Amino acid sequence: MNESAKIPAWKKFCYGCGAGGGNVMSTLLATFLTAYYTDTAGIAAAAVGTMFVICRLLDGVTDLVMGGIVDKTHTKIGKARPWLIVSAPLMVIGIILILNVPGGWSSVMKLVYAYVTYIFLNCIVYTIFGIAHSALLARMTREFKDRNTTSTISSILNNAVGLVVGTSIVGMQMKFGWTVTSIILGVTAGILILIPGLACNETVGMKQEKENKQDIPMKKQLPVVLKNRYFWMALLIGVFTLLVNANAIAAQIYYCNVVLQDPMYMATLMSMGQLPGIIILFFMPYFSNKFSKRGFMAVGGILMVIGFALIGIADTNRMLLLTGTIVRSIGIGPMFAGVYAFVADAADYGEWKYGIRSEGLMASSQSIGSKVGIGFGSALTAWILAASGYVGTPGAEQSAKVVKAIRFDYGWLGAIFSVALLVIVLLMDVEKYLPQIREELEKKEA
């Protein structure tokens, strides 16, 4: 197998379908789950925020364990694909369970149910999917420009699915209720995740594994991965990208309900928060291959800061709010596209620098980062609401303090986190090594 062969366009599309399937869950958890827990299930906002953070602790363990499992997997179809296939039906089950908190249970039992189903879906199912999907890109080709294109297509589909899901959930829930909505979302996510598991091919490392299936012990792999500085940078890019995004879209529903007093405006903000970012992604392969992913992502970081600042001063000015949302969307698009390719680059760097390749453990950086970001982003909104005295009863009048807190959460907090993200992106300089890495690794394999 030619490990630097180009990936056919249809397989790039299939790979991107998996990202779209994962984003069904991500959009649901980041955008609607907090509101579902507080306003429908009747769980206190502070308890919800604490649950999100406690589950992050478990996430770090399960991600590293799953990364090690992927690295030790040997099948005819590869290391990552079998786990994508396994995760598809589990995702269906998890999404259905999480949106069906029994209404007749006590507050304590509702919270217990929320913990169990959230841990199952986010800490187990999404861990299996996220690490397998991220590791798959590193194993499809060594051609870093082709990875950039594949990652961009994946991000386009990821955002497109997020746009459709984000703008349709409110309508589905109002028409069908949460149970039917959960079934529709779960089945959609499962089918999309199954596509790359069945259609994509792994080429990198398959020849060596066929000749020698001896595993490098976890105790030897893990220190090498943790010594790779790009592991930590990829993790932090994932954390802050998803933290900014999750916090913004978690606060968005409250912004529409409380500040604008127009719940249906949520669909407009969701559209403007995703569609411009999808459009700008079509230009990423050109700019990232001609210049660098880091440069394109840095420009995105600057636009994110500007966009969130405009939202911070918008209040009820819808034109200013839309302008800030569009600018923010254009900025965050390259972040989502770049992080997957960076993880694959970091796996190559680790093999070149330390002589040990570990796609699974390296992919755990993206999985840990995204879930920590989603968890803390959603938790911040819940904590801010609780601290400001938010009343979870539908239609309840909120205080001026609550309105001010929601405005800060939706705008200025995003600007602060975007500055941190921009700094990390500027430090991620792995691309300068890639031509040398590819040349030396290909000689070694030959």
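Student: Can you lay out the overall build of the protein chain for me, pointing to particular residues and giving the numbers?
Tutor: Broken down by element type, the protein chain carries 17 helices and 0 strands. A compact globule built from 446 residues would reach a C-alpha radius of gyration of about 22 Å, and the protein chain, at 21 Å, matches this within 12%. When its C-alpha atoms are laid out on the principal axes, the protein chain stretches across 70 × 45 × 35 Å. Counting the 446 residues in the protein chain, one finds 60% classified as buried. Sequence-distant contacts, at least 24 apart, represent 86% of the contacts inside the protein chain between residues at least 6 apart. On the protein chain, roughly 16600 Å² of surface is accessible, and the fraction owed to carbon and sulfur atoms is 69%.

Student: How would you sum up the nonpolar core? Please name residues and give values.
Tutor: Ranked by size, the top nonpolar core spans 137 residues in total, and within it Tyr 37 and Met 91 carry the most contacts. Tallying contributions element by element places helix α9 (residues 229–259) first for this core, with 21 residues. Ignoring anything within four residues of it in the chain, the contact list for Tyr 37 reads Gly 42, Ile 43, Val 48, Met 51, Phe 52, Ile 98, Val 101, Ala 114, Thr 117 and Tyr 118.

Student: Tell me about the side chain of Glu 202, and please be specific about residues and values.
Tutor: Tracing the sequence through the fold places Glu 202 in the loop between α6 (178–199) and α7 (206–211). In terms of polar contacts, Glu 202 uses its side chain to reach the backbone amide nitrogen of Arg 81, at 2.9 Å. One polar contact links Glu 202 to Arg 139, side chain to side chain, over a distance of 2.5 Å.

Student: Please set out unusual backbone geometry residue by residue, giving values where relevant.
Tutor: The phi torsion at Gln 261 lies on the positive side, around 55 degrees, for a residue other than glycine. Secondary-structure assignment places Gln 261 in the loop between α9 and α10 (265–281). One non-glycine residue with positive phi stands out, namely Asp 315, at about 55 degrees. Residue placement: Asp 315 occurs in the loop between α12 (293–314) and α13 (318–354). On the basis of relative accessibility, which here comes to 30%, the residue Asp 315 falls in the partly exposed class.

Student: Can you lay out α9 for me, pointing to particular residues and giving the numbers?
Tutor: With 31 residues, α9 should cover 45 Å at 1.5 Å per step; its first-to-last C-alpha distance of 42 Å lies within 8% of that length. A bend of about 30 degrees at Gln 252 is the largest found in α9. Counted residue by residue, α9 has 27 buried out of 31 residues, so it is predominantly covered. With a side-chain oxygen positioned 2.9 Å from the backbone nitrogen of Tyr 230, the residue opening α9 is Asn 228. Directly after α9, the chain includes Gln 261, whose backbone phi takes a positive value near 55 degrees.

Student: An account of the pattern of salt bridges is requested, with residue identities and associated values reported.
Tutor: Inspection of the entire model under this criterion finds 5 salt bridges. Between Arg 139 and Glu 202 there is a salt bridge, and its shortest N-O distance comes to 2.5 Å. Taken together, the positions of Arg 139 in helix α4 (residues 107–140) and Glu 202 in the loop between α6 and α7 put the pair 63 residues apart, joining distant regions of the chain. For the residue pair Arg 139 and Glu 202, the accessibility class agrees, reading buried in each case. Linking Arg 407 and Asp 315 is a salt bridge whose minimum nitrogen-to-oxygen distance equals 3.6 Å. Within this pair, whereas Arg 407 is found in helix α15 (residues 400–410), its partner Asp 315 is found in the loop between α12 and α13, the two being separated by 92 residues in sequence.

Student: Tell me about the packing of aromatic side chains, and please be specific about residues and values.
Tutor: Each aromatic ring pair is characterised by the separation of its centres together with the angle its planes make. Enumeration over the complete set of coordinates arrives at 11 aromatic pairs. Here Tyr 126 and Phe 129 contribute two aromatic rings whose centre-to-centre distance is 5.5 Å and whose plane-to-plane angle is 55 degrees, an arrangement assigned as tilted. Here the residue Tyr 126 and the residue Phe 129 both occupy positions in helix α4, the gap between them amounting to 3 residues, near one helical turn. Judged on exposure class, the residue Tyr 126 and its partner Phe 129 are both buried. What links up through ring pairs into an aromatic cluster is the set Tyr 36, Tyr 37 and Trp 178. A cation over an aromatic ring shows up here: Arg 318 above the ring of Tyr 265, its NZ or CZ 4.5 Å from the ring centre.

Scoring rules and cut-offs
- Starting afresh in each chain, residues are numbered from 1 along the sequence in its written order.
- Reporting in this predicted model follows two pLDDT cut-offs: at least 70 for local features of residues, and 80 or more for side-chain atom pairs to be given and counted; totals over whole chains, interfaces and linings ignore these cut-offs and use all residues.
- Calculation of side-chain values draws on the structure's entire complement of heavy atoms; hydrogens and water are dropped beforehand.
- Starting at the N terminus, helices and strands are each numbered in turn, a helix being any DSSP run of H or I of at least four residues and a strand any DSSP run of E of at least two.
- Here the radius of gyration uses the C-alpha set of atoms, whereas the globule reference equals 2.2 Å times the residue count to the power 0.38.
- Only protein chains enter the area calculation, which uses a 1.4 Å probe; residues under 20% of their type maximum are buried, those over 50% are exposed, and those in between are partly exposed.
- Should any heavy atoms of two residues lie within 4.5 Å, those residues are considered in contact.
- Each accessible area is a Shrake-Rupley result for a 1.4 Å probe, and residues are judged covered by the shown protein chains and nothing else.
- Residues belong to a common nonpolar core when they are buried Ala, Val, Leu, Ile, Met, Phe, Trp, Tyr or Cys residues joined through side-chain atoms within 4.5 Å.
- The definition of a polar contact used here is a pair of N or O atoms within 3.5 Å, where within protein one atom must be able to donate a hydrogen and the other to accept one, and adjacent residues in sequence count solely through side-chain atom pairs.
- Expected helix span is taken as 1.5 Å per residue step, with the number of steps being one fewer than the number of residues.
- A residue's bend is given by the angle between axes fitted to the 7 residues ending at it and the 7 residues starting at it.
- Salt bridges, as used here, are contacts in which a Lys or Arg side-chain nitrogen is within 4 Å of a carboxyl oxygen on Asp or Glu.
- Each aromatic pair joins two rings of Phe, Tyr and Trp (for Trp, the six-membered one) with centres within 6.5 Å, and gets the label stacked for planes under 30 degrees apart, edge-to-face for over 60, and tilted for any other angle.
- As a reminder, the over-ring test applies to NZ of lysine and CZ of arginine, requiring each to be within 6 Å of the ring centre and within 35 degrees of the ring normal.

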